[in-house]
Amino acid sequence: MLGKPVPRIEDAALLMGKGRYADDLSAPPGTLHAAIVRSPEAHARLARIDVSKAVAHPGVVRVITGEEIRAISDSFLVAVKQPIDQWSLAVDRVRYVGEPVALVLAQDRYVAEDGADLVEVEYERLPAVVRIADAIAPGAPLVHEEAKSNELSARSFVYGDPAGAFARAHARVGLTVEFPRSSYTPMECFVVVAEHLPGDGSYDVLANFQGPFSAHPVMARALRVPSSKLRLRTPPDSGGSFGIKLSVFPYIVLMALASRLAGRPVKWVEDRLEHLVSANSSPNRITEVEAAVEADGRIIGLRMDNLEDYGAYLRAPMPGPLYRMHGAVTGAYDIRNVEVVNRLVLTNRMPAALVRGFGGPQLYLALERLVQRIAVELGLDPLDVIRRNLVRKDQFPYKAAAGALYDSGDYGKAVELTLADGRFDDLKRRRDEARAAGRLYGIGFAAIVEPGMSNMGYLSTIIPAAVRERAGPKNGAVSMVTVNIDPLGSVSATADVTVQGQGHRTVLGQIIGEQLGLQPSEIQVNLEMDTQKDQWSIAAGTYSCRFSPGTAVAAHIAAGKLREKLARIAAKQLNILPDDVDFGDGRIFSRTNPDNGMPFGRVAGTAHWSPVLMPEGDDPGLRETGVWSPPELEPPSSKDEINTSLTYGFVFDVCGVEIDPVTMEARVDRYVSMHDAGRILNPLIAEGQIRGAFVQGVATALYEEFVYDDGGSFLSGTFADYLIPTACEIPELEILHMESPSPFTPLGAKGLAEGNCMSTPVCIANAVADALSIRDVPLPITPNRLNAIMGGEEPAAPQRLRRATAPVPEAASGGRALTGQGTFEVAAPPSAIWNALLDPETLRRVIPGAHTVDVVGENHYRAEVSLGVGPIKGRFVADVRLSDLETERFARLDGGMSGPLGGSTGSGEVTLTPTADGCRLDYTYSVVVNGKVASVGGRMMERAAQIVIGQFFERLAGTVGAPVAGRSPGAGGGIFARVAALLRGLFGGGR
């Protein structure tokens, strides 16, 4: 059964829309629905939180703030000994845009959202630090003052003699690379349904948490209960995760505490804007890497300084990405002299966490770019440099310098198979033809090892050896599967993995079915995790390619135990020896005399119905749990050597990339990917996983990036600016396989679901470097970035109006800057427009969404408006002052707008010019938008501004067509119309 492309048994229900996701499952009676009030500020003190209006709103049951949470819970544990306190709601201050500040509970989600808009929070803005380099600069604003520094940990590791290697090297080649923040976006966002059970003080929680379950004791500790009193259940289906759903755990704690405070169950479903702004992202890493090389390109020494940004908090089990690949820091290459510095930094950005392939994409971007640069600077063929440095076949099992124990492989053969059959010749032909025609074309390579089944002790490498010795060793990874056979012979199984769409039910059915002679469809596999009923350990969950080398082995062990027991039962009844028993086609029979056999169900029923027929020493019943804990996963050594994973697959990629010299768009022309993942358990599922990782690797290389401005505002909070490639943008992928079974697992299988997330970004980057003959290739490789590298920045557009665009006030810096200008023709004299603009009551009628317009002083106005653009909707207060008034000719305005979703600060100018038919109105504005609202896509925001300003002037023109009531031109009043309409336009124009 294993090794065959068995179709996924999961797909029938999913393709018919019959999947059962977390939001589909019924909630307990009386469940309240939650909405979260999030910070629009990157760094600020919480001066005041007024929940009175929200509490008074019909249908709102309760509003919870951070102080209430602090009183009944503990802050989350962190991996380093630093005073970094984080509760599930902000306490005292906020440290990133999107941080939860308050929780509104209501009868339904709609009312909860309305209540969230009514919570008034006063923020005292503090200096924010966003870029890694700024965070470690002297005098930088501190994300956590108690920690005294933004650099929380710095560890140096030396293996071999790197100093000697660099001293005797023929050449030294180095470069600095930066891996940006991004996050693969699952179709389904976070979902939590929590209930506090006052009878025993326990919590029952349903959530689409993916693991690792090492976060379970972290949650229980935060709730101040034993782990047994936090029952965590997961749904039968999940709309993807890619590492991200680890980060639902703070919300599990929040909703559990909310249920305790409200005395009713609580349900929360995350929306897409919340997810993009504040779920998690991969950490941003800057790596300075340098190689000591011989004249032929052989690497004899490697230095690597990693500076990694984890955002505002260090969530467990961070800093996983910084250390997960540590033992394999030399990748697929035989480099014996290594020096590594690992530094972790906090900034005022959303906390970073696990994202598919975590740690691998960051490592290989540096290492494989370095290999390409060695070839360029020494005038060598990149393939020759790769070949000379690969670990040889005769070296396996291979102990890497930093401690990883590579199990098996033939890397050289994999490279040659990839290039064979005319594939490489075709790429070279395409390149040569393109270059001969004057087009830009390059070829890139990437050679990586792909780890599977993480050693749970790898993170303890962050602690010095002496401290580790006192704390006790941390190591290993336990996998568990239970297989049960009922009295009628039906087989069911549970496992310690969580569903994310990989097809684990199918493969577990294959493994168990092969042992018991049954079809996979005859094995009922239930992967809904229940921590009070199912087998699990801190290593449980779906991450780090642990399924094939871990859970699959546990299933093999459990099914093997049942096979042996059934063989003993059958042998007694068939009057044969247990060694002669075989299984197949739903029967148990004699291998030497197949006619001597019994139906599988009849033999199984014996263990339930006829204990008297059981062999001596065997208990009745058929239920076995397989437990797999491989001995190769040892604790870190006294020399900081660590075997970070159990298995290590090999991936070799080659691609051709063509760049349009006009649009600077990079197009992948051909891509070939070779995988050696040991024994392939199901080729169909393996191909699906590889293709999915490839798509996300292309996205990292060319499209996806989380962008923040200097003030910490998040600028890519919708799919208008956070670009996700569709099927139309993904090139064809040619997948090749070879098999080097792992000697460390009974099935010989390794992980393969993360490889192209690691290899594809740097393979494409190397091809772009080759095409353009450039040293630095920033990710994602967008046309704008390539244009800036090749042609410099474009000149500014000329000004159309006689007055320069108003400058952005200094106080407004640190947000998303928007500028605009325009002209309107109005069939009314300037005096009519001027009078209308100075009349608050007229403005209230004219401004889209305005509730009130009030005069609060001379040339000083305040208005309350409701705003909406795309997913951003809320209520805002605008405050505006007028200056430089030239009656019926010109006015300047300065002011700002604030609300629960953020605010803006800026200025604008309005000029009135008489015309034969009435009046021409010219305007300019320059505004900086901060907070959550800044996450709206730039194109969406610009268009919304144009629409709402158009609405304003259309209404104004209609108003001045009749006599205008109000004060005379010098009597004050509000050209506030321009302020409110223009600033409001920057947020959008919901009505």
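Residues numbered from 1 in each chain as written. Predicted model: local features only at pLDDT ≥ 70, side-chain atom pairs only at ≥ 80, totals over all residues. Heavy atoms only, no water.

*Asks:* Would you mind going over the overall build of the protein with me for this structure?
*Replies:* Across its full length, the protein carries 25 helices and 35 strands. Against the globule reference of 30 Å for 991 residues, the protein gives a C-alpha radius of gyration of 32 Å, in line with a compact fold. Taken along its principal axes, the extent of the C-alpha atoms in the protein is 110 × 75 × 55 Å. Partitioning the intrachain contacts of the protein with sequence separation of at least 6 by distance along the chain shows that 78% fall at a separation of at least 24. About 35800 Å² of surface is accessible on the protein, with carbon and sulfur atoms providing 51% of the total. With 99 positive and 116 negative side-chain charges, the protein shows a spacing of 2 Å between the two charge centroids. (Helix = DSSP H or I, 4+ residues; strand = E, 2+ residues; numbered from the N terminus. Rg over C-alpha atoms; globule rule 2.2 N^0.38 Å. Contact = heavy atoms within 4.5 Å. Areas by Shrake-Rupley, 256 points an atom, 1.4 Å probe, with all protein chains shown as cover. Lys, Arg positive; Asp, Glu negative; His and termini not counted. Charge placed at Lys NZ, Arg CZ, Asp CG, Glu CD.)

*Asks:* Can you walk me through helix H16 (residues 504-516) in this structure?
*Replies:* In an α-helix, one turn spans 3.6 residues, which is why side chains three or four residues apart end up on the same side. If you check H16, its first and last C-alpha atoms are 18 Å apart, about what 13 residues at 1.5 Å a residue would give, namely 18 Å. Among the 13 residues that make up H16, eleven are buried, leaving the element largely enclosed by the rest of the structure. Immediately downstream of H16, the backbone of Gly 517 shows phi near 70 degrees, a positive value. (Expected span 1.5 Å × (residues − 1). Buried < 20%, exposed > 50% of the residue type's maximum accessible area, 1.4 Å probe, protein only.)

*Asks:* Explain the pattern of salt bridges here, please?
*Replies:* Oppositely charged side chains are able to pair whenever their charged atoms sit close together. A full pass over the atoms with the stated rule returns 63 salt bridges. Between Asp 74 and Arg 224 there is a salt bridge, with its nearest N and O atoms 3.0 Å apart. Of this pair, Asp 74 sits in the loop between helix H3 (66-72) and strand E4 (93-94) while Arg 224 is found in the loop between helix H7 (215-223) and strand E11 (230-233), placing the two residues 150 residues apart along the sequence. On the basis of relative accessibility, which here comes to 44%, the residue Arg 224 falls in the partly exposed class. One salt bridge connects Arg 285 with Glu 308, and the closest N-O pair in it is separated by 2.4 Å. With Arg 285 in strand E13 (residues 284-293) and Glu 308 in strand E14 (residues 299-309), this pair connects stretches of sequence that are 23 residues apart. (Salt bridge = Lys/Arg side-chain N within 4 Å of Asp/Glu carboxyl O.)

*Asks:* Before we go on, may I ask you to explain the confidence of the model for the protein in this structure?
*Replies:* For the protein, mean pLDDT is 90; residues scoring 70 or higher make up 90% of the total. Every residue in residues 962-991 scores below 50 in pLDDT, and together they form 118 contacts with partners more than four places removed in sequence or on other chains. (pLDDT = per-residue confidence, 0-100.)

*Asks:* Can you help me understand the environment of Gly 908 in this one?
*Replies:* Looking at where Gly 908 falls in the secondary structure, it is placed in strand E34 (residues 902-915). Judged by relative accessible area, which is 1%, Gly 908 ranks as buried. Linking Gly 908 and Leu 843, residues 65 residues apart in sequence, is a C-alpha distance of 17 Å.

*Asks:* Honestly, the pairing of strand E27 (residues 666-676) in this entry has me stumped. Any pointers?
*Replies:* Regular strands place their side chains on alternate faces of the sheet. Burial runs high along E27: nine of the eleven residues are buried. Across ten bridges, strand E26 (residues 645-659) lies against E27 in antiparallel orientation. Within E27, the residue paired with Gly 656 across the bridge is Arg 670. One crossover worth recording links E27 to the parallel strand E28 (residues 734-737) by way of helix H19 (residues 683-702), and it is right-handed. (Pairing = 2+ DSSP bridges. Right-handed = clockwise from strand over helix to strand, strands pointing away.)

*Asks:* Just checking my understanding: could you explain the side chain of Glu 188 for this structure?
*Replies:* One can find Glu 188 in the loop between strand E8 (171-179) and strand E9 (191-197). At a separation of 3.0 Å, a polar atom in the side chain of Glu 188 contacts the main-chain amide nitrogen of Gly 239. Here Lys 245 takes part through its side chain, which lies 2.8 Å from a polar atom of the side chain of Glu 188. In contact with Glu 188, not counting residues within four places along its chain, are Tyr 21, Ala 22, Asn 208, Ser 238, Gly 239 and Lys 245. (Polar contact = N/O pair within 3.5 Å; in protein donor to acceptor, adjacent residues only side chain to side chain.)

*Asks:* I would appreciate a short explanation of the sheet that holds E27 in the present structure.
*Replies:* Remark on secondary structure: sheet strands pair via backbone hydrogen bonds, oriented parallel or antiparallel. Strands sit in the order E18-E26-E27-E28 across an open sheet of four strands; the sheet is mixed. Edge strands, defined here as strands with exactly one partner in the open sheet, are strand E18 (440-454) and E28. Sheet twist, expressed as the mean angle between neighbouring strand axes with direction ignored, is 20 degrees. Two elements, E27 and E28, share four bridges in a ladder whose sense is parallel. Within the sheet, the bridge partner assigned to His 675 lies in E28 and is His 737. (Axes fitted to C-alpha atoms, helices over the stretch in contact; angles between N-to-C directions.)

*Asks:* What should I look at first to understand the side chain of Arg 356 in this one?
*Replies:* Assignment of secondary structure puts Arg 356 in the loop between strand E15 (338-345) and helix H11 (360-378). Buried and unpaired, Arg 356 has Glu 754 as its nearest opposite-charge partner, separated by 6.0 Å. A distance of 3.2 Å separates a polar side-chain atom of Arg 356 from the backbone oxygen of Gln 689. Arg 356 has contacts with Tyr 184, Phe 242, Pro 361, Gln 689, Gly 692, Ala 693, Gln 696, Ala 753, Glu 754 and Cys 757, leaving out every residue within four places of it along the chain.

*Asks:* I tried to follow empty space enclosed by the protein on my own but got confused; where do I start?
*Replies:* Which parts of space are left empty comes out when a probe the size of a water molecule is rolled across the atoms. Tallied over the full model, the rule gives six cavities of 30 Å³ or more. The computed volume of the largest cavity comes to approximately 70 Å³. Class assignment for the residues of the lining of the largest cavity results in nine nonpolar, five polar and one charged. (1 Å grid on protein atoms, 1.4 Å probe; cavity = no way out; pocket = protein on both sides within 12 Å on 5 of 7 lines; lining within 4 Å. Points joined across faces, edges and corners; volume = space filled by probe spheres on them. Nonpolar A, V, L, I, M, F, W, Y, C, P; charged D, E, K, R; others polar.)

*Asks:* Where do I start with the environment of Leu 681 in this structure?
*Replies:* By secondary structure assignment, the location of Leu 681 is in the loop between E27 and H19. Expressed as a C-alpha distance, the spacing of Leu 681 and Leu 747, which sit 66 residues apart in the sequence, is 8.5 Å. Non-local contacts of Leu 681, meaning those with residues more than four positions away in its chain, are made with Leu 2, Gly 3, Lys 4, Val 507, Gln 510, Ile 511, Ser 548, Ala 552 and Ala 749.

*Asks:* Is there a simple way to think about the packing of aromatic side chains in this case?
*Replies:* Aromatic rings considered in pairs are described by the distance between their centres and by the relative angle of their planes. Considering all chains together, one arrives at 18 aromatic pairs under this definition. When the ring of Phe 213 is compared with that of Trp 536, the centres are 5.7 Å apart and the planes differ by 50 degrees; the resulting orientation is tilted. With a gap of 323 residues between them, Phe 213 in the loop between strand E10 (202-207) and H7 and Trp 536 in the loop between strand E21 (523-526) and helix H17 (547-574) connect regions that are remote in the sequence. Exposure remark for Trp 536: the relative accessible area of 23% places this residue in the partly exposed category. Geometrically, the ring pair formed by Phe 396 and Tyr 411 is edge-to-face, given 5.2 Å between the ring centres and 75 degrees between the ring planes. Here the residue Phe 396 occupies a position in the loop between helix H12 (382-389) and strand E16 (398-399), and Tyr 411 occupies one in helix H13 (residues 411-419), the gap between them amounting to 15 residues. (Phe/Tyr/Trp six-rings, centres within 6.5 Å; stacked < 30°, edge-to-face > 60°.)

*Asks:* Looking at this structure, how should I read the sheet that holds E10?
*Replies:* Reading across the sheet, the seven strands line up as E3-E5-E1-E12-E9-E10-E11 and stay open at both edges, with mixed pairing between neighbours. Edge positions in the open sheet fall to strand E3 (60-65) and E11, since each of these has one partner strand only. With strand direction ignored, the average angle separating the axes of adjacent strands in the sheet is 25 degrees. Pairing analysis gives six bridges linking E9 to E10, with the strands arranged antiparallel.

*Asks:* When you look at unusual backbone geometry in this model, what are you seeing that I'm missing?
*Replies:* Most peptide bonds take the trans form, and the phi angle of most residues other than glycine is negative. Put simply, Gly 211 and Pro 212 share a cis peptide bond, and its omega is 5 degrees. Relative to the helices and strands, Pro 212 is located in the loop between E10 and H7. The residue Arg 224 is not glycine, and still its phi comes out positive at about 65 degrees. In this structure, Met 453 is a non-glycine residue whose phi angle is positive, near 65 degrees. Its place among the elements puts Met 453 in strand E18. Residue Met 453 is classed as buried on the basis of its relative accessible area, which comes to 0%.

*Asks:* Would you take a moment to explain the packing of H19 against helix H20 (residues 755-772) for this structure?
*Replies:* Pairs of packed helices are described in terms of their axes, by the angle between the two and the distance that separates them. Two elements in contact, H19 and H20, have axes whose closest approach is 7 Å; the angle formed by their N-to-C orientations is 40 degrees. As summarised for this structure, H19 and H20 are arranged oblique, according to the angle between their axes. In the crossing of H19 with H20, the sense of the turn from one axis to the other is right-handed. Taken together, the residues of H20 that come into contact with H19 (itself represented by Ile 690, Ala 693, Phe 694, Gln 696, Gly 697, Val 698, Thr 700, Ala 701 and Leu 702) are Asn 756, Cys 757, Thr 760, Pro 761 and Ile 764. (Parallel < 35°, antiparallel > 145°, perpendicular 65-115°, else oblique. Left-handed = near helix turned anticlockwise from the far one by under 90°.)

*Asks:* Mind showing me how you'd approach the packing of H7 against helix H8 (residues 249-262) here?
*Replies:* The interhelical angle for the contact between H7 and H8, taken along N-to-C directions, is 30 degrees, at an axis separation of 10 Å. The pairing of H7 with H8 is recorded here as roughly parallel in orientation. In the crossing of H7 with H8, the sense of the turn from one axis to the other is right-handed. Two secondary-structure elements touch here, H7 through Ala 215, Val 218, Met 219, Ala 222 and Leu 223 and H8 through Phe 249, Ile 252, Val 253, Ala 256 and Leu 257. For the contact of H7 with H8, the class distribution of residues is ten nonpolar, no polar and no charged.

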